[in-house]
Amino acid sequence: MRHLAAYLLLQIGGNASPSAADIKKVLGAVGIEADDERLEKLISELQGKDINELIAEGSAKLASVPSGGAVAASGGAAAGGAPAAAAEEKKEEEKKEEKFVVRIQEESDDDMGFGLFD
């Protein structure tokens, strides 16, 4: 994420096609060491592409991903026939969400190079 953030900052700043050296310079300015392998992959994936189009495509794909709303609707329909099953399903869903949040927080700490309580 830090590499992508630096890439986007450079583009906003007027650099239409940031190089690996440009990204390393931005990251180095804030004391972050760039990962050459990830940086080269990012540069190769974005080379020749319009970042605004990529963001628009990604937003369209995310819009088609179902969110938690469908679970609530099916839970309401099941509540009339099997309230215990609906409650258990809700508990399982909460556990999944909690694990997901913990995993994201751990990844976020790793990505930034420090943790909240370090």
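Look a little higher up for the structure.
Residues numbered from 1 in each chain as written. Predicted model: local features only at pLDDT ≥ 70, side-chain atom pairs only at ≥ 80, totals over all residues. Heavy atoms only, no water.

Caption draft 1: Seen up close, the nonpolar core. Core analysis: the largest hydrophobic core is formed by 12 residues, namely Ala6, Tyr7, Leu10, Ala20, Ile23, Leu27, Ala34, Leu39, Leu42, Ile43, Leu46 and Ile51. For this core, the secondary-structure elements that each account for two or more residues are helix H1 (2–12), helix H2 (20–29) and helix H3 (36–46). At four residues, H3 tops the list of elements feeding residues into this core. Setting aside residues no more than four positions away along its own chain, Ala34 makes contact with His3, Lys24, Leu27 and Leu39. (Core = buried A, V, L, I, M, F, W, Y, C linked by side-chain atoms within 4.5 Å. Buried < 20%, exposed > 50% of the residue type's maximum accessible area, 1.4 Å probe, protein only. Helix = DSSP H or I, 4+ residues; strand = E, 2+ residues; numbered from the N terminus. Contact = heavy atoms within 4.5 Å.)

Caption draft 2: Here's a closer look at the packing of H2 against H3. Closest axis-to-axis distance for the H2/H3 pair is 10 Å, and the angle between their directions is 130°. With respect to their mutual orientation, H2 and H3 come out oblique. Crossing of H2 against H3: the hand is right-handed. On the side of H2, the interface is formed by Ala20, Ile23 and Lys24, while H3 contributes Asp36, Leu39, Glu40, Leu42 and Ile43. (Axes fitted to C-alpha atoms, helices over the stretch in contact; angles between N-to-C directions. Parallel < 35°, antiparallel > 145°, perpendicular 65-115°, else oblique. Left-handed = near helix turned anticlockwise from the far one by under 90°.)

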